[in-house]
Amino acid sequence: MQIMITHSRFARTRVLTLNRWQLAAVLGGGLGLMMLLSGLVYHFIFLKAAREGWPVVSQIVRLVVKDEFAQRDRFLRENLDAMARRVGEMQARLMQLEAVSERVSDMVGLKPDQIKAAVSDGPKGGPYVPTAQPSFEQLQRQVDELDHAAALHADLFTLIESQLFEQRMQALRIPNTRPVAAPTSSGFGFRQDPFTGRQALHTGLDFPAPVGTPIQAAAGGVVIAAEYHPAYGQMVDIDHGNELVTRYAHASKLLVRQGDLVKRGQVIAEVGSTGRSTGPHLHFEVLVSGVPQNPARFLAGQGPRQAVAEVSAARPAAP
């Protein structure tokens with residue numbers, strides 16, 4: 001392509017020769033320059049005219065961008081409505097979570113005041129149903145409040161988990177497992193002493209069984225005595241905490257030593273007839289603060305909370 005340039009100042013006509021690539025570059029540059037100029041005109045003249053209300057130009061601009069503004073407003077309104085519905089669903093779920101946490105907290109023994117204090121800043125009322133179109137800032141505040149409430153409930157459930165773990169550990173230390181797989185022959189209370197024939201207090205339960213029958217720990221704890229006693233014979237005492245001790249007497253053989261940690265159901269000795277005994281059997285005692293208690297109360301299949309309450313409520317009494 002050739003372009004001829006003539007002018008009175010020029011002595012002769014000038015000729016510019018452009019190939020296809022040079023022509024395309026010139027056209028592309030010109031198109032880009034036109035687009036840049038149109039953008040500058042739109043932003044600095046038409047938009048300014050629309051904002052400041054110039055008599056003729058502002059009306060033309062409004063007609064041009066009316067559909068664009070309408071579409072943008074409709075898009076924002078639909079998104080805000082969807083966000084508001086989502087916030088309402090989140091609030092409803094947090095209300096359900098709060099009700100569940102209150103029921104579970106009551107099961108683990110947390111006081112209502114503790115729960116109210118923990119969730120006092122949590123969600124209140126029903127789902128979020130605004131009477132007017134909510135703003136983005138209002139919805140953002142609602143989301144922040146829900147996030148804070150969710151964090152509070154997470155902390156509350158962590159506390160509940162801790163309480164459940166503590167109760168589980170306490171339940172593991174309650175002696176409610178039968179130490180010998182055998183029926184009882186003599187219960188707790190007054191009876192005729194087999195040696196003297198006089199009335200005397202029997203401080204435990206007797207489980208008649210053949211010599212060598214395994215004796216199991218009724219609960220987990222620490223062995224505080226594994227020795228021979230003149231009356232109890234070969235005996236084992238296990239401390240379960242909270243001043244609660246179990247005693248296993250008249251054994252033929254001891255399988256643990258003082259200081260050993262034992263778990264529920266662990267074999268600690270074998271049935272015998274040592275000490276003050278008329279025949280092979282296990283004499284099983286439960287002592288709270290050194291005072292014998294009726295072991296049948298602990299072996300009656302009580303739940304963990306009830307058994308813990310039994311131990312906590314037990315007080316030393318006169319023999």
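As shown above, the structure is provided for reference.
Calculation rules
- Residues numbered from 1 in each chain as written.
- Predicted model: local features only at pLDDT ≥ 70, side-chain atom pairs only at ≥ 80, totals over all residues.
- Heavy atoms only, no water.
- Helix = DSSP H or I, 4+ residues; strand = E, 2+ residues; numbered from the N terminus.
- Buried < 20%, exposed > 50% of the residue type's maximum accessible area, 1.4 Å probe, protein only.
- Pairing = 2+ DSSP bridges.
- Core = buried A, V, L, I, M, F, W, Y, C linked by side-chain atoms within 4.5 Å.
- Contact = heavy atoms within 4.5 Å.
- Polar contact = N/O pair within 3.5 Å; in protein donor to acceptor, adjacent residues only side chain to side chain.

A.B. asks: When you look at the environment of Leu-156 in this model, what are you seeing that I'm missing?
C.D. replies: Assignment of secondary structure puts Leu-156 in helix 4 (residues 136-172). Using a relative accessible area of 4% as the deciding quantity, one classes Leu-156 as buried. Residues Leu-156 and Ser-105 lie 51 residues apart in sequence; the distance between their C-alpha atoms is 8.8 Å.

A.B. asks: For this particular structure, what's the right way to read the pairing of strand 7 (residues 221-229)?
C.D. replies: In the case of a regular strand, side chains alternate between the two sheet surfaces. Where strand 7 meets strand 10 (residues 261-262), 2 bridges bridge the pair, whose relative direction is antiparallel. Bridging from a neighbouring strand, Val-222 pairs with Leu-261 of strand 10. Note that strand 7 and strand 8 (residues 233-239) share 7 bridges and pair antiparallel. Bridged to His-229 within strand 8 is Gly-233. Hairpin geometry of strand 7 and strand 8 is characterised by an intervening segment of 3 residues between the two adjacent antiparallel strands.

A.B. asks: Looking at this model, I keep getting lost on the nonpolar core. Mind explaining?
C.D. replies: Proteins that are soluble and globular tend to have nonpolar side chains buried together. Val-180, Ile-215, Ile-238, Tyr-248, Ile-268 and Phe-284 are the most contacted members of the largest nonpolar core, which totals 26 residues. Of all elements in the fold, only strand 5 (205-208), strand 8, strand 9 (244-254), strand 11 (267-271) and strand 12 (281-288) reach the threshold of two or more residues within this core. The element contributing the most residues to this core is strand 12, with 4 residues. In contact with Val-180, other than residues within four places in its own chain, are Phe-207, Ala-209, Thr-213, Pro-214, Ile-215, Val-271 and Leu-282. Counting 7 residues, the second largest nonpolar core, distinct from the first, contains Leu-80, Val-87, Leu-146 and Ala-149.

A.B. asks: Just to check I follow, could you spell out the side chain of Gln-293 for this structure?
C.D. replies: Its location among the elements puts Gln-293 in strand 13 (residues 291-293). Since its relative accessible area comes to 12%, Gln-293 is described here as buried. A distance of 3.4 Å separates the side chain of Gln-293 from the backbone oxygen of Val-291, its partner in a polar contact. A distance of 2.9 Å separates a polar atom in the side chain of Gln-293 from a polar atom in the side chain of Arg-297. Beyond its immediate stretch of four places on either side in the chain, Gln-293 contacts Phe-188, Thr-203, Val-286, Val-288 and Phe-298.

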